[in-house]
Amino acid sequence: MLINKQLIEEQNSSLLANHKRSFEFVAEGINNLEEVINKLVAFQIAIPSWALGTGGTRFGRFSGSGEPRSLEEKIEDVGLLHALNQSSGAISLHIPWDIPSDAAAIKSLAAQYGLKFDAVNSNTFQDQPSQEHSYKFGSLQHVDKAIRKQAIDHNIEVIKQGVALGSKALTVWLADGSCFPGQLNFRGAWQRTYESLQEIYAALPDDWKVFVEYKAFEPNFYSMSVGDWGQSYLYASKLGPKAYTLVDLGHHLPNANIEQIVSLLMMENKLAGFHFNDSKYGDDDLTVGSINPYQLFLIFNELVEGMDAKGMNHATDLGWMIDASHNVKDPLEDLLQSIEAIMIAYAQALLVDSKALKAAQEINDVVAAQEILQTAYRTDVRPIVAEARRITGGAIKPITLFREQQVRKQLVKARGEKSTATGL
Ligand SMILES: [Mn+2]
């Protein structure tokens, strides 16, 4: 379903007087207001095709209702989010969960909703019914050459699917690793993974990138073949200029300084982009900003500082994706919250007085440095983010509109009480 533009306008006009008041109150203290709003308008975050249904845990999955039953319906859902917030103008597909039967038709359907295709994701972490060999003991790292070949061929197939959709990057996340000491020779596993990645790299079109995503643990609990940013960086640097490191916020050991990782990867031109989510303990895939919004702000602070130092375009030079999905919320409301959290953190980072911060750092004024960062972080930028949505035709209050219009109820009516998102 499409959200009627008129409904958005009607809701906005009923909220306009209050909105203007809070907007003007914050806006008064911001020198570069126009620039901040333009940057917020340009900033788009890709929605993963696997986040549109209710996520499961390893203990089970409680399906929601009215989940998208096909790729077409997933695109429809992302279109709905984008109509509401004007900030989710891209979709990231997971192959083979979402193989388009007719790429041209899917591409034009997405275009109707104003959506582009972000990075395509391969999957060698589970066996598909049709496949010959099992990935039980790994894919690109496997000791058996035939299994490595199957995994390489799959990645090349994903690139082909992505080319047909106008995507420009392949994300490789490997579940490969070992669960027990002695199971793997670390150098052997590294070398085999590297050689497999080289073959995939060779199949990339000229204007494509490959993102090597790392994860500290799970599903393997002793070693992961791409376990941290150092290992990913090693692969990416040896592979060549089209290979980058992808940072998934939930893929670190507890208390890792992610903002420092981001800063250094950017310094070396090896940061691909993000999978946003939040976590308390491990790879919890919780709503972005739900646990640690200050960390999210600090990451954006490094991003803005680092991108500006290199003259990068915030909106287009890195890949911005959500990778979160959970059990207990309506997935669309969850995604609206995640996008809002990202936009808030980005807006706050744009407010940091970077000159004053640099000056404080030069004289070791630790107190002033903290004050500068926290002044930006403690600014309530929600009206600024809402204004960026409003002027582009989005809703001042997306979740309220989603609820008032009983969007989920309409989706259930169209798709059924017991529809389960494909791939989940
Ligand atoms: Mn991820």
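The notes below deal with the structure included here. Each chain carries its own residue numbering, running from 1 in the direction its sequence is written. With the structure being a predicted model, the display of local features is reserved for residues of pLDDT at least 70 and the display and counting of side-chain atom pairs for 80 or more, all residues being used for whole-chain, interface and lining totals.

Our next topic: the overall build of the protein. Helix and strand assignments come from DSSP, with helices taken as H or I runs of at least 4 residues and strands as E runs of at least 2, each series counted from the N terminus. Scanning the protein from N- to C-terminus turns up 15 helices and 11 strands. Split into buried and exposed, the 424 residues of the protein put 47% on the buried side. Taking all contacts inside the protein whose residues are at least 6 apart in sequence as the whole, residues at least 24 apart take part in 80%. Exposure in this text rests on C-beta crowding, where 20 or more other C-beta atoms within 10 Å of a residue's own make it buried, 12 or fewer make it exposed, and counts in between make it partly exposed. The C-beta atoms are placed from the backbone. Each residue gets a C-beta atom placed from its backbone, and two residues are in contact if those atoms lie within 7 Å.

Here strand β11 (residues 319-322) shows two buried faces, one formed by Gly319 and Met321 and the other by Trp320 and Ile322. For two strands to count as paired, DSSP must find a minimum of two bridges between them. The pairing of strand β10 (residues 271-276) with β11 spans four bridges and is classified as parallel. Paired with Gly273 across the strands is Gly319, a residue of β11. With strands facing away from the observer, any crossover in which the path from the first strand over the helix to the second runs clockwise is taken as right-handed. Once the chain exits β10 it traverses helix α9 (residues 293-309) before rejoining the sheet at β11, and the crossover so formed is right-handed.

A few words on helix α1 (residues 5-27). Given 3.6 residues per helical turn, the α-helix brings residues three or four places apart onto the same face. How far a helix is expected to stretch is found by multiplying one less than its residue total by 1.5 Å. Across its 23 residues, α1 extends only 27 Å between first and last C-alpha, which sits more than 12% below the 33 Å expected from 1.5 Å per residue. We define the bend at any residue as the angle between the axes fitted to the seven residues before and including it, ending there, and the seven starting there. At Leu16, α1 is deflected by roughly 55 degrees, the largest bend along its length.

Next up on the list: the nonpolar core. For this analysis, nonpolar core means a set of buried Ala, Val, Leu, Ile, Met, Phe, Trp, Tyr and Cys residues linked through C-beta atoms within 7 Å. One finds Ile91, Val210, Phe211, Tyr346, Ala347 and Ala349 to be the most contacted residues of the largest nonpolar core, which totals 114 residues. Leave out the neighbours within four places in its chain, and Ala347 touches Val36, Leu40, Val381, Ile384 and Val385.

Let's shift gears to the pairing of strand β7 (residues 209-213). By the criterion of burial, β7 is predominantly enclosed, with four of the five residues buried. Pairing of strand β5 (residues 169-173) with β7, which is carried by five bridges, proceeds in the parallel orientation. Each bridged residue has a counterpart across the sheet, and for Trp173 the counterpart in β7 is Glu213.

Now for the packing of helix α3 (residues 71-85) against helix α10 (residues 331-350). Where α3 contacts α10, the two axes come as close as 11 Å, and the packing angle between them is 45 degrees. Taken together, the axes of α3 and α10 lie oblique to each other. As for the relative orientation of α3 and α10, their crossing is right-handed in sense. Residue-level contacts link Asp77, Leu80, Leu81, Leu84 and Asn85 of α3 to Leu332, Leu335, Leu336 and Ile339 of α10. Under this grouping Gly is polar, as are all residues other than the nonpolar Ala, Val, Leu, Ile, Met, Phe, Trp, Tyr, Cys and Pro and the charged Asp, Glu, Lys and Arg. Classifying every residue of the contact of α3 with α10 by side-chain character gives seven nonpolar, one polar and one charged. Axis lines are fitted to C-alpha atoms, over the contacting stretch for helices. Their N-to-C directions set the angle, which ranges from 0 to 180 degrees. Note on angle classes: values under 35 degrees are labelled roughly parallel, values over 145 roughly antiparallel, values of 65 to 115 roughly perpendicular, and the remainder oblique. When the near helix sits turned anticlockwise from the far one by under a right angle, the crossing is termed left-handed; a clockwise turn instead gives a right-handed crossing.

Note the cis peptide between Ile95 and Pro96, where omega equals 20 degrees. In this structure, Pro96 sits in the loop between β2 (90-92) and α4 (103-112). Residue Pro219 follows Glu218 across a cis peptide bond; omega there is 10 degrees. In this fold, Pro219 is placed in the loop between β7 and β8 (223-224). At Asn255, a residue that is not glycine, the phi angle is positive and equals roughly 70 degrees. Counting through the fold element by element, Asn255 comes out in the loop between β9 (243-248) and α8 (258-267). The residue Asn269 is not glycine, and still its phi comes out positive at about 55 degrees. Mapped onto the elements of the fold, Asn269 is located in the loop between α8 and β10.

Relative to the assigned elements, Phe137 resides in the loop between β4 (120-121) and α5 (145-165). For the pair Phe137 and Val385, spaced 248 residues apart in sequence, the C-alpha to C-alpha distance is 46 Å.

Quick look at the environment of His251 now. Relative to the assigned elements, His251 resides in the loop between β9 and α8. Looking at His251, the number of C-beta atoms within 10 Å reads 28, which means it is buried. For the pair His251 and Ser13, spaced 238 residues apart in the sequence, the C-alpha separation amounts to 42 Å. Once you skip the residues sitting within four places of it in the chain, His251 turns out to touch Tyr214, Lys215, Ala216 and Asp283.

It is the contact of α9 with α10, at a shortest axis distance of 8 Å, that shows an interaxial angle of 50 degrees. With respect to each other, α9 and α10 are oriented oblique. The crossing of α9 and α10 is right-handed. Contacts between α9 and α10 involve Pro293, Leu296, Phe297, Phe300, Asn301, Leu303 and Val304 from the first element and Ala341, Ala345, Tyr346, Gln348, Ala349 and Leu350 from the second. Partitioning the contact of α9 with α10 into residue classes produces 11 nonpolar, two polar and no charged.

The set of residues buried in helix α2 (residues 33-42) consists of Val36, Ile37 and Leu40. The arc that holds the buried residues of α2, viewed along the axis, is 95 degrees, so those residues lie on one side. Of the exposed residues in α2, those oriented more than 90 degrees away from the buried face are Glu34 and Glu35. Lining the buried residues of α2 we find α10 and α13 (382-391). Within this analysis, the arc is defined by the directions that extend from the helix axis to the C-beta atoms.

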